[in-house]
Amino acid sequence: MRNGGNAVDAAVAAALVLYVVEPHACGPGGDAFLICVAPGRQPVALDGSGSLPLGLSTAALAADGLTEVPGRGARSATTPGAMALLEDALARFGTRLLADLMGPAIELARDGFQVRRTLAATSARATAELVADPVLGPLYAPEGRARVEGEWIMNPALAECLLAIASGGARVLYDGALGAAIAARVAAGGGYLRRDDLLAHATIERAPVSTGFRRAMVWELPAPTQGPAVVEALRLLDATEAMPAWSKVVDAVGTGMAHAGFDLTAMGARPTPARGDTTYIAAIDGDGLGASLITSVFGDFGSYFGIPELGGPMGNRAAMLRALHRAPEPGAKPPHTTIPAAVTKDGQLAYVLGVAGGFMQAQAQVQILVHLLERGLDPQAAIDEPRFKILLGGEVALEAGHPLAASLPDAANRSPGQEGFGAAQVVGWHHGMLMGGADARRGGAVEIA
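Here the structure is a predicted model, which means the values were calculated and not measured. Residue positions are counted from 1 within each chain, in the order its sequence is given. Where totals are concerned, whole chains, interfaces and linings use all residues; where local detail is concerned, this predicted model gives features only for residues with pLDDT of at least 70, and gives and counts side-chain atom pairs only at 80 or more. Computation of side-chain values: all heavy atoms of the structure, hydrogens and water removed.

Overview of the overall build of the protein chain
Each helix is a run of H or I in the DSSP string that is no shorter than four residues. Each strand is a run of E no shorter than two, and both are numbered from the N terminus. When its secondary structure is counted, the protein chain shows 17 helices and 17 strands. It is over C-alpha atoms that the radius of gyration is taken, and the globule rule equals 2.2 Å times the number of residues to the power 0.38. Relative to the compact-globule value of 22 Å for 449 residues, the protein chain shows a C-alpha radius of gyration of 21 Å, a close match. Principal-axis analysis of the C-alpha atoms places the extent of the protein chain at approximately 60 × 50 × 40 Å. Whether a residue is buried, partly exposed or exposed follows from its accessible area with a 1.4 Å probe, protein chains only, as a fraction of its type maximum: under 20%, in between, or over 50%, in that order. For the protein chain, the proportion of its 449 residues judged to be buried stands at 58%. Across the protein chain, contacts joining residues at least 24 apart in sequence account for 70% of those joining residues at least 6 apart. Any pair of residues with heavy atoms lying within 4.5 Å of one another is described as a contacting pair.

Some details on unusual backbone geometry
In this model, A223 is joined to P224 through a cis peptide bond whose omega is 20°. The phi angle at H325 is positive, at roughly 55°, despite the residue not being glycine. In this fold, H325 is placed in the loop between α14 (320–324) and β12 (340–345). Look at D346: it is not a glycine, yet its phi comes out positive at around 55°. Along the chain, the position of D346 falls in the loop between β12 and β13 (348–356).

Details of the environment of R117
Locating R117 in the fold gives a position in helix α6 (residues 117–130). For R117 and V172, which are 55 residues apart along the polypeptide, the C-alpha to C-alpha distance reads 33 Å. Among residues more than four places away in sequence, those in contact with R117 are E149, A440, R441, R442 and G443.

A word on the pairing of strand β1 (residues 31–37)
With seven of its seven residues buried, β1 lies for the most part within the structure. Burial of the side chains of β1 extends over both faces: D31, F33, I35 and V37 are buried on one face and A32, L34 and C36 on the other. The pairing criterion is simple: DSSP has to find at least two bridges between the two strands. The sheet contact formed by β1 and strand β9 (residues 290–296) spans seven bridges and is antiparallel. The residue of β9 that forms the bridge with V37 is G290. Count of turn residues in the β1/strand β2 (residues 44–48) antiparallel hairpin: six residues, of which G40 carries a positive phi of about 75°.

Topic: the pattern of salt bridges
Criterion for a salt bridge: a side-chain nitrogen of Lys or Arg within 4 Å of a carboxyl oxygen of Asp or Glu. Counted by the stated rule, this structure contains 22 salt bridges. As a salt-bridge pair, E309 and R185 come within 2.9 Å of each other at their nearest N and O atoms. A residue pair is termed long-range when its members are at least 10 positions apart, and E309 in the loop between β10 (306–307) and β11 (312–313) and R185 in helix α9 (residues 177–188) qualify at 124 residues. We classify E309 as partly exposed; its relative accessible area is 27%. One salt bridge in this structure joins R441 and D439, with 2.9 Å as the shortest N-O distance. Look at R441 and you get partly exposed, because its relative accessible area is 25%. Here the salt bridges share partners, and the residues they tie into one network are R387, E399, D439 and R441.

Purely spatial values, then, with no claim about function.
What follows is the structure, encoded as structure tokens:
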């Protein structure tokens with residue numbers, strides 16, 4: 001932004017850097033979604049998620065001795081869509097080329113970066129699985145040792161990958177040498193992704209879903225994301241005349257999740273531990289252009305299946321079918337927990353916001369929107385308020401200080417699980433001032449250009 005770029009340029013540049021320094025959460029092997037809001041215009045939503053491989057079917061799984069998609073490994077990999085979305089977003093809404101924004105990310109990958117708290121924590125809990133992968137092990141669990149905060153990492157393979165994309169564009173991941181390498185490596189690992197899957201990929205513009213809530217409009221991505229869950233919950237709450245009891249908010253969130261196909265009460269315990277993360281970036285520039293960008297490899301380090309030419313893992317989004325007990329539909333989009341959001345008032349952008357944290361994303365969005373639009377809190381205060389979380393199976397967990405703690409003492413002592421209570425970022429106008437809020441739960445940060 002200081003160099004004249006706009007909000008989309010800034011969000012993409014930030015994402016590229018995070019692909020290097022937050023490799024457990026996002027990267028070239030993952031997916032992305034974007035909502036962009038230009039002044040006085042309706043939000044535009046871009047879907048940069050990859051489809052299930054055409055070869056991933058119930059019959060193919062059975063032939064491999066499986067009854068469902070594995071949680072990890074090459075068989076959980078889907079087409080990576082993140083880089084194509086970043087490039088397409090710049091072409092539609094930015095002022096820079098993808099190559100123009102690659103410099104800081106390439107430098108960090110080539111010359112090294114210091115491990116942040118989030119990467120260190122993920123490396124520690126994933127060491128036993130990372131060490132077996134010839135790409136991820138040496139980088140993030142060298143000789144079976146977890147990386148520690150402040151340690152220095154260099155990733156020259158990722159630097160070369162980014163240089164190749166800067167030179168040839170994102171299409172090299174699909175119809176170029178990188179695409180050929182991805183298809184060959186996944187096939188050799190027993191996965192179902194093939195060159196035809198990569199060649200068929202394209203970023204899709206989708207009509208956002210929306211609802212009115214407290215004299216504002218809330219905009220979300222439709223399926224395959226959890227966006228419809230937020231919309232349905234807010235519709236139920238907007239029918240009330242005043243601030244609803246928090247028990248009603250819990251009920252509305254649960255109903256909204258079920259309405260969108262994410263019925264938490266029916267899931268029970270995950271077949272594999274709930275370990276994963278997401279990267280969310282919110283940006284608004286001086287001209288009022290807003291970018292709401294979310295990008296993820298789904299699980300910690302995605303599939304744990306590293307591609308040497310990527311310098312990192314493939315995403316394991318196909319594993320969502322396992323969590324939701326759904327059969328694969330070859331070529332279809334798998335369900336996504338990731339959802340960027342935007343809010344408009346009187347046709348003008350008010351906020352861009354999003355949350356990292358799996359099934360907590362929709363739940364935390366609703367709670368933050370209640371704080372912003374019903375209670376009138378500023379972005380940081382709305383983020384800092386204690387949250388509830390509906391767990392798999394339907395039980396509720398509460399953060400310390402939540403208003404429901406007195407009536408639900410067991411919930412106040414219940415663990416929220418590995419995903420925690422989510423991590424939100426919000427940028428928007430509060431009483432005429434442009435303000436940002438970042439979640440201290442996972443070290444979020446606000447930067448004013």
